[in-house]
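One-letter residues, chain by chain:
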Amino acid sequence: MATTPTDTGRSNQKRRTRTALVEAARELIASGGEVAMPAIARAALVSEATAYRYFPDLPSLISEALAGAWPPPAEALAPVADSTDPAERIAFACEFLLRGVLLRQGAVRAVIAATITRPETATARPGVRFGLIDHALAPLEATLGATDPEAFSQLKRDLAVVVSAEALFTLTDLCGLAPDAAVASAVRTAATLTEAAVRAVARG
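Residues numbered from 1 in each chain as written. Predicted model: local features only at pLDDT ≥ 70, side-chain atom pairs only at ≥ 80, totals over all residues. Heavy atoms only, no water.

Draft legend 1. Summary view of the packing of helix α4 (residues 58-65) against helix α7 (residues 105-117). The interhelical angle for the contact between α4 and α7, taken along N-to-C directions, is 145°, at an axis separation of 9 Å. Crossing hand, α4 versus α7: left-handed. In contact with Leu 58, Pro 59 and Ile 62 of α4, α7 contributes Ala 107, Ala 110, Val 111, Ala 114 and Thr 115. For the contact of α4 with α7, the class distribution of residues is seven nonpolar, one polar and no charged. (Axes fitted to C-alpha atoms, helices over the stretch in contact; angles between N-to-C directions. Helix = DSSP H or I, 4+ residues; strand = E, 2+ residues; numbered from the N terminus. Left-handed = near helix turned anticlockwise from the far one by under 90°. Contact = heavy atoms within 4.5 Å. Nonpolar A, V, L, I, M, F, W, Y, C, P; charged D, E, K, R; others polar.)

Okay, here's the thing in structure tokens:
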């Protein structure tokens, strides 16, 4: 069936509206303020109901707005690419992630809040930590990963708790640490966990 000018115009309008919502979300995220659907809709000059017609929930909109914002793990960890020390690599990965979280704090808090109340939306979260952890621990693949795969998996799970926005916000919001001190605390914990795993491998 042939496309009519009306169909084309409607399609273009939908594309413009979606783009406006994504751009508004990006600008709000960059501002460091609270990121919420009503504010994004206002900035995009549409109703909140319209925004929800394009994105079923806030995490899906934020996910699209942040697409490409985080570099691939190999690029992120390029400064420690020559290091074979897993603790040094994981410390760098942890600081990289948490500094990035601080820059996008409004968006990250909004997504965490949304996925806590609606766990089924958790798949919309980018999961940046997992790629960074995997890449940082690459030197352990042939040692701990080969001799004790379960221990290796457990280390990754332990690190996923520490190398995370949730850990950062616990340290700042509940423990009262300043952002830099919170990052340093998480980095120290991540390195300590990794060093313990390396020592266990050395003991054989």
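Draft legend 2. Region of the structure containing helix α11 (residues 165-174). Looking at α11, one finds that the buried residues are Ala 165, Ala 167, Leu 168, Phe 169, Leu 171 and Thr 172. At its buried positions, α11 is contacted by α6 (86-103), α7, α10 (149-162) and α12 (179-203). Following α11 by one or two positions, Gly 176 adopts a phi angle in the positive range, close to 75°. (Buried < 20%, exposed > 50% of the residue type's maximum accessible area, 1.4 Å probe, protein only.)

Draft legend 3. Structural context of the UniProt feature "DNA-binding region" (unreviewed entry) in the chain. Under the UniProt annotation, the feature "DNA-binding region" (unreviewed entry) is placed at residues 36-55. The span residues 36-55 carries 70% helix and 0% strand; its end-to-end C-alpha distance comes to 13 Å. (UniProt positions renumbered as here; feature names shortened; annotations may be inferred.)

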